[in-house]
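Each chain, letter by letter, is given below.
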Amino acid sequence: MPTTRARRKPAGKGEPVTSHDQELLLRIFEMMVMMRAVEDRMVSMYRSGDLLGSLYTGHWHEAIAVGTASALRQDDFLAPLHRDLGAHLWRGMDPAQIMASFMGKATSPTGGRDGTLHYGRLDLNVYNPPSHIPDNYPVATGAAFAFVYRGEDRVALAYCGDGSTSEGDFHEAVNIAAVMKLPCIFIVENNQYAYSTPIRLQSAVADFAVKAAGYGIPGVTVDGTDVLAVHDATAEAVARARAGDGPSLIECVTMRMHGHAEHDPADYVPREMLAEWQQRDPVALFEARLLEHGVLDEEAAAKVREAARQKAIAARKKALADPLPDPTTVEQALYAD
Amino acid sequence: MQTEQAAYTYLDAIAAALMSEMEADPDVFILGEDVGQFGGAFKVTKGFLDKFGPRRVVDTPMAESGFTGLAAGAALVGLRPVVEFQFADFISAAFDQIINVCARHHYRTGNPMPVTFRAPFGARLRAGPTHSQSVESYFAHVPGLKIVMPGTPQDAAGLLISSIRDNNPVIFLENKYLYRRLRAPEPLSLEPIPLGQAKVVREGSQVSIITYSAYVSESLAVAEELAAEGISVEVVDIRTLVPLDVDTIVASVKKTSRAVVVHEAARRMGYGAEIAAVIGEECFWWLDRPVARIGALNTPTPTSPPLEDAVVPQAARIAEVVRKVATE
């Protein structure tokens with residue numbers, strides 16, 4: 001593993017791809033490709049001025065977003081943040097609605113009342129978080145609490161980044177979940193930078209999984225560019241949570257390949273670091289493994305990529321044509337009935 | 001429904017209302033610091049753990065932000081949490097979760113957020129600068145919250161029931177000075193009292209006192225004292241700050257043409273400023289005098305009795321101002 005950490009074995013040849021259900025593998029691949037296609041399309045939309053504000057992307061987070069979401073049931077609670085677009089897609093979110101959110105359109109999940117990355121839909125059991133992170137961590141403990149309260153075997157999974165681990169809500173949520181033995185899975189997406197702040201200025205412990213020990217819960221570090229490693233670690237934590245054995249923390253190590261958002265050229269990141277990580281594209285790595293094990297052939301892979309590209313193009317067209325919200329409604333529904 | 005016991009304190013009324021809602025709705029639960037085995041710092045939930053068990057009476061770690069977020073998440077998937085803050089002073093540690101997670105959630109997403117935040121607030125217990133605060137104005141500025149501040153045991157019960165049944169985040173502020181001082185003379189009704197309805201608690205003709213929480217009983221005492229001097233004082237208890245019953249305030253001030261706004265919170269940017277502005281906008285041509293505001297001095301609330309009494313509004317000062325506004 002480049003630059004930051006050397007202790008994990010690189011994923012790749014010989015990993016037990018074939019022990020997974022083939023349909024699941026293909027679906028995971030499709031969603032990773034779709035996440036990349038939608039985000040690449042949105043980058044061009046950002047550049048051509050179609051979007052409001054900034055654009056937060058998850059390049060090199062595809063394995064984390066899809067690897068985790070694919071280890072959950074549809075009725076489990078997901079509390080994603082801004083690099084987890086693939087988790088939304090896995091739940092059935094329409095890419096056009098995501099684009100609509102970045103454009104303030106009436107068709108966004110919030111009807112343009114919120115925007116950018118704030119597009120979670122509760123009907124898909126996905127939380128829509130505020131900008132304050134990781135506020136979604138305590139919220140996830142509440143969903144998990146409610147599942148236990150009602151005797152349901154559902155679990156809650158929340159994501160945050162390396163920077164978020166410094167916030168009080170990270171500590172309070174993980175501690176509460178540990179004390180109450182709640183069915184929670186806490187994902188830390190260690191992508192080396194919180195905006196411009198590198199790990200060494202964020203935490204005196206570079207290995208975030210170690211922090212789990214302080215709460216008395218299992219913590220594991222996985223290669224965040226290896227979707228099956230992420231999927232398997234999540235599945236293990238989910239099984240533990242469903243069995244009533246409490247929360248787990250999974251640190252997924254990757255690199256933030258774009259700036260904090262698209263306005264940010266990230267000059268503070270050494271170029272060699274990016275070059276090194278460029279070799280570890282999670283989507284390309286997984287495709288190579290699927291090809292190697294005969295789950296996919298070149299032709300099928302090309303079809304998946306083209307289908308995703310066409311879907312992203314169609315989503316953009318739809319989002320551009322969608323209406324803006326009606327300002328006369330702006331004061332409506334501040335309160336629930 | 002009525003309780004059997006006659007003579008209820010303000011605290012008993014809150015406990016009875018909470019218990020009745022927990023009996024009626026299995027989705028209602030209480031969480032907070034020391035609410036279980038200890039029965040809460042002020043003993044509002046005494047006996048609840050035995051009756052409802054640890055599933056519904058939840059002792060949390062000392063983590064206001066964390067358990068507020070927990071309540072929000074539980075509400076999003078269908079429960080109806082009641083959060084107890086040990087003191088309203090500590091609610092500042094949960095500010096972010098209340099404002100950014102709870103208050104704007106419905107506006108952003110259309111999902112209900114039925115959480116009730118109970119918090120004992122206020123001065124006059126010699127508890128000092130960080131145990132005596134009035135926090136309503138912090139929250140009154142935030143769209144999406146409701147704010148309830150009962151001044152009597154009966155209102156505390158009925159309004160708490162409505163707060164718990166409401167599908168929005170409600171800040172329910174209990175005046176801790178009243179907990180064991182105020183006693184309802186009759187058996188308590190456990191019928192809900194709608195949020196957003198002020199109440200004229202004493203009719204009068206010369207001046208209106210607009211007030212809430214602990215200063216309802218203070219104002220009634222002042223009105224009684226001034227009646228002996230031949231001054232007729234009307235007292236309006238707004239009961240809920242958000243939503244605010246503007247009509248009842250306006251009707252009273254149009255009748256008396258003079259108004260004094262009274263609360264325990266600091267005068268500067270206190271909720272009385274909003275009430276005074278509303279009166280100015282709605283009743284300007286009816287007013288015989290400028291609206292007067294009475295509130296605490298703009299200092300922290302000191303501990304020592306002479307200092308605290310100098311900061312927090314006293315009955316004599318209220319009487320003096322009301323007398324002046326009514327007669328000059």
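Located above this text is the structure these notes cover.
In this report, we go over the structure that sits alongside the text. What you see is a predicted model, and the numbers here were worked out from it, not measured in a lab.

## Some details on the overall build of chain A
Consideration 1: Tallying secondary structure elements over chain A gives eleven helices and seven strands in all.
Consideration 2: In summary, chain A has a C-alpha radius of gyration of 19 Å against a globular reference of 20 Å for 337 residues, a match within 12%.
Consideration 3: Considering only C-alpha atoms, chain A reaches an extent of 50 × 50 × 40 Å along its principal axes.
Consideration 4: The burial tally for chain A puts 53% of its 337 residues in the buried class.

## Some remarks on the sheet that holds strand 7 (residues 248-253) of chain A
Residue and element names in this part refer to chain A.
Consideration 1: The strand order across the open sheet formed by five strands is 1-2-3-7-6, and the pairing between neighbours is parallel. Every other strand in the sheet has two partners, leaving strand 1 (77-79) and strand 6 (219-223) as the edge strands with one partner each. Taking each pair of neighbouring strands and ignoring which way they run, the sheet shows an average axis angle of 20°.
Consideration 2: Two elements, strand 3 (residues 184-190) and strand 7, share six bridges in a ladder whose sense is parallel. Residue pairing across strands places Ile187 opposite Ile250, the latter belonging to strand 7.
Consideration 3: Its contacts with the sheet place helix 5 (residues 136-149) against strand 1, strand 2 (156-161) and strand 3, and it is angled at close to 170° to strand 2.

## Remarks on helix 1 (residues 10-24) of chain B
Consideration 1: Compared with an ideal rise of 1.5 Å per residue, which puts 15 residues at 21 Å, helix 1 of chain B spans 21 Å between its outermost C-alpha atoms and is within 8% of the ideal.
Consideration 2: Along helix 1 of chain B, eleven of the 15 residues are buried, which leaves the element largely enclosed by surrounding structure.

## Let's talk about the interface of chain B and chain A
Consideration 1: Residue-level contacts link 32 residues of chain B with 31 residues of chain A.
Consideration 2: At the level of secondary structure, the elements contributing two or more residues to the side of chain B that touches chain A comprise helix 3 (64-76), helix 4 (95-103) and helix 5 (105-109) of chain B.
Consideration 3: The leading source of residues in the side of chain B that touches chain A is helix 3 of chain B, at ten residues.
Consideration 4: Residue composition of the side of chain B that touches chain A, grouped by class: 14 nonpolar, 15 polar and three charged.

## Remarks on helix 8 (residues 227-242) of chain A
Residue and element names in this part refer to chain A.
Consideration 1: Taking 1.5 Å of rise per residue, the 16 residues of helix 8 would be expected to cover 22 Å, and the 22 Å separating its terminal C-alpha atoms lies within 8% of that figure.
Consideration 2: Turning to helix 8, its buried residues are Val227, Leu228, Ala229, Val230, His231, Ala233, Thr234, Ala237, Val238 and Ala241.
Consideration 3: Phi for Gly244, located one or two positions after helix 8, is positive at around 90°.

What counts as what
Residues numbered from 1 in each chain as written. Chains lettered and ligands numbered in written order. Predicted model: local features only at pLDDT ≥ 70, side-chain atom pairs only at ≥ 80, totals over all residues. Helix = DSSP H or I, 4+ residues; strand = E, 2+ residues; numbered from the N terminus. Rg over C-alpha atoms; globule rule 2.2 N^0.38 Å. Buried ≥ 20, exposed ≤ 12 C-beta atoms within 10 Å, placed from the backbone. Pairing = 2+ DSSP bridges. Axes fitted to C-alpha atoms, helices over the stretch in contact; angles between N-to-C directions. Contact = placed C-beta atoms within 7 Å. Expected span 1.5 Å × (residues − 1). Nonpolar A, V, L, I, M, F, W, Y, C, P; charged D, E, K, R; others polar.

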